[in-house]
Each structure stands twice: as structure tokens, then as C-alpha cells.
Amino acid sequence: MSKLPVVVLISGGGTNLQAIIDAAKEDLPVEIRAVISNKVDAYGLERARRADIPVAILEHRQFPDRDGFDTALARLIDSYQPQLVLLAGFMRILTPGFVHHYHGRMLNIHPSLLPDFQGLHTHQRALEAEAQKHGASVHFVTEELDGGPVIVQASVPVLPDDDAETLAARVLQKEHVIYPLAVRWFAQGRLSLNGRDQVVLDGKTLNSPVQLERTPA
Ligand code: GAR
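Residues numbered from 1 in each chain as written. Predicted model: local features only at pLDDT ≥ 70, side-chain atom pairs only at ≥ 80, totals over all residues. Heavy atoms only, no water.

**Student:** Give me the packing of helix H1 (residues 15-25) against helix H2 (residues 43-50): which residues, what numbers.
**Tutor:** Where H1 meets H2, the axes come as close as 9 Å, and the angle between the chain directions of the two elements is 15°. Viewed along their axes, H1 and H2 adopt a mutual orientation that is roughly parallel. Crossing handedness for the pair H1 and H2: right-handed. Contacts between H1 and H2 pair Thr 15, Leu 17, Gln 18 and Ile 21 from the former with Gly 44, Arg 47 and Ala 48 from the latter. Class assignment of the residues belonging to the contact of H1 with H2 gives a composition of three nonpolar, three polar and one charged. (Axes fitted to C-alpha atoms, helices over the stretch in contact; angles between N-to-C directions. Helix = DSSP H or I, 4+ residues; strand = E, 2+ residues; numbered from the N terminus. Parallel < 35°, antiparallel > 145°, perpendicular 65-115°, else oblique. Left-handed = near helix turned anticlockwise from the far one by under 90°. Contact = heavy atoms within 4.5 Å. Nonpolar A, V, L, I, M, F, W, Y, C, P; charged D, E, K, R; others polar.)

**Student:** Describe the sheet that holds strand E10 (residues 204-205), listing the residues and the values that go with them.
**Tutor:** By way of backbone hydrogen bonds, the strands of a sheet pair with one another, either parallel or antiparallel. One open sheet holds the three strands; their spatial order is E8-E9-E10, and the pairing between them is antiparallel. Edge positions in the open sheet fall to strand E8 (191-193) and E10, since each of these has one partner strand only. In terms of strand pairing, E8 meets strand E9 (residues 199-201) through three bridges, oriented antiparallel. What sits directly across from Leu 191, in E9, is Leu 201. (Pairing = 2+ DSSP bridges.)

**Student:** Can you tell me about the nonpolar core, naming the residues and giving the values?
**Tutor:** Grouped together as the largest cluster of nonpolar side chains are 49 residues, with contacts concentrated most on Val 30, Leu 107 and Ile 151. Considering every element that reaches this core, the biggest residue donor is helix H6 (residues 164-187), with 10 residues. Residues contacting Ile 151, with those up to four places away along its chain left out, are Leu 107, Val 138, His 139, Phe 140, Ala 182, Trp 185, Leu 191, Val 199, Leu 206, Pro 209 and Val 210. The next biggest cluster of nonpolar side chains, apart from the first, holds 21 residues, and it includes Ala 56, Ala 72, Phe 98 and Val 141. (Core = buried A, V, L, I, M, F, W, Y, C linked by side-chain atoms within 4.5 Å. Buried < 20%, exposed > 50% of the residue type's maximum accessible area, 1.4 Å probe, protein only.)

**Student:** Hey, could you go over the pattern of salt bridges for me, with residue numbers and the actual values?
**Tutor:** All chains considered together, the criterion is met by six salt bridges. Arg 190 is the partner of Asp 202 in a salt bridge, and the nearest nitrogen-oxygen pair spans 2.7 Å. In this pair, Asp 202 sits in the loop between E9 and E10 while Arg 190 sits in the loop between H6 and E8, placing the two residues 12 residues apart along the sequence. (Salt bridge = Lys/Arg side-chain N within 4 Å of Asp/Glu carboxyl O.)

**Student:** Provide a residue-level description of the packing of H1 against H6, including the pertinent values.
**Tutor:** Put simply, H1 and H6 touch, their axes get as near as 9 Å, and they point 50° apart. In terms of orientation, H1 lies oblique with respect to H6. Crossing angle aside, the handedness with which H1 passes H6 is right-handed. Contacts between H1 and H6 involve Thr 15, Asn 16, Ala 19, Ile 20 and Ala 23 from the former and Leu 172, Glu 175, His 176, Tyr 179, Pro 180 and Val 183 from the latter. Here the contact of H1 with H6 is composed, by residue class, of seven nonpolar, three polar and one charged.

Taken by themselves, the reported measurements are silent on function.
Right under this line is the structure:
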């Protein structure tokens with residue numbers, strides 16, 4: 001099968017990037033054309049270099065406003081001609097124009113069971129809300145921050161002695177499973193967004209996200 005060209009955007013440690021790199025070394029049919037970071041010291045850049053993936057840094061601080069940064073970012077991404085853009089811990093709010101440009105071909109991973117806990121500090125907020133269950137979601141990116149149609153989720157129990165760190169670690173393990181899975185579906189041509197911004201998987205419109213515990217192969 002021919003490999004789907006992708007570009008991955010990061011801001012930090014890049015463990016989700018690593019999960020994609022590792023899966024691509026096995027049988028995930030993607031070619032990571034570049035890893036782009038808005039932070040010079042993002043450890044994920046090191047992970048990319050080690051895997052011989054081209055890296056690029058575009059610091060948002062060098063731009064006077066959000067539009068300027070997003071325009072330059074889109075130009076940089078498009079120079080690699082990806083068919084899919086993956087946000088993997090890319091901690092930037094994106095402009096509507098940028099999001100529109102990648103409509104139906106940009107995914108994000110978010111550390112909560114969306115629509116619960118959009119935004120930051122999701123693990124701490126799940127603990128404060130005394131949630132029994134927490135987890136992660138992969139979704140198509142639309143203009144609403146963390147609000148795009150969810151493709152797949154995985155949940156974990158919240159344990160009595162959890163703090164934000166232990167809970168985050170448990171969720172992260174699930175992230176590393178569901179992100180490569182959603183990317184695989186997309187690369188296999190099984191996953192898309194329809195004209196009404198609904199997720200279509202294997203020819204069927206999803207009424208609710210796939211739960212990892214009940215995934216198709
Ligand atoms: C992950 O937990 C990801 O879900 C989260 O940032 C972390 C990045 O970790 N993303 C967001 O919060 C986006 N709203 P990583 O750099 O090790 O992949």
C-alpha cells in the first residue's frame with residue numbers, strides 16, 4: 001500500500017509523535033515528511049531527529065500576531081505536501097482560516113473524554129469533578145477549540161489515590177494506542193469527514209465516537 005504523507009505538529013515531549021513513529025516503523029502506512037515545533041526546546045524534535053525525520057521550528061513569538069504565525073505555519077506545512085496534518089501536543093489556538101485550510105485532513109489528540117474537559121489541565125479538572133472515568137479522544141479539528149467531531153476514545157478508571165500526574169500517565173498510555181489507530185483508518189481511506197462535519201468510518205456515519213474497547217480491526 002502506498003504511504004500517506006503526513007506532517008506532525010508538536011510543542012513538547014512528543015510521546016504521541018513517538019507512538020506514530022514506532023507504528024510507522026511497523027506497519028502504519030504513513031510517511032512522516034516533517035515534524036514542526038513552535039518551541040525550540042521541544043523534546044519531540046530530538047525524537048524526530050533520531051528517526052531521521054526532517055524537523056522545522058517556527059516560533060510563534062517571532063510573529064506580531066496569530067494570523068501572521070498561522071499563515072507562515074500553513075506555508076511551511078504545505079511545502080511538505082502532506083495529505084494529513086497531525087496535532088500531537090501542539091499547544092496553540094489556531095485561527096479559523098488555518099483550520100478551514102485543513103478541513104477534513106487535520107486530527108488532534110486531546111486528554112479527556114470530549115466533550116468533557118475541553119481546554120487545559122484536564123486531569124486536574126477530572127479529579128476535581130470527581131469523575132469516575134477519564135480518558136482521551138482523537139478528533140477532526142474544526143473551528144471550535146477541542147470541539148471537532150470525535151473519532152475514537154479510550155477511557156481509564158479514576159482511582160481513589162490518583163493525582164493529576166498518575167492519571168495523566170494512565171491516559172497517555174491510551175493516547176498512544178488511539179492516535180495511531182485513527183491515523184491508520186485515515187491512511188487506509190476508511191475515515192473521513194462528510195459535508196455535515198460528521199465522522200464517516202467504513203462507509204458509516206458515526207452517531208457517537210468509537211470506544212477503544214469496541215473497535216473495528
Ligand atoms: C498529550 O497528553 C496530548 O493529549 C495533550 O498534550 C500532551 C502532549 O504529550 N494535548 C492537548 O492538551 C491538546 N489540547 P506528548 O507531547 O508527549 O505527545
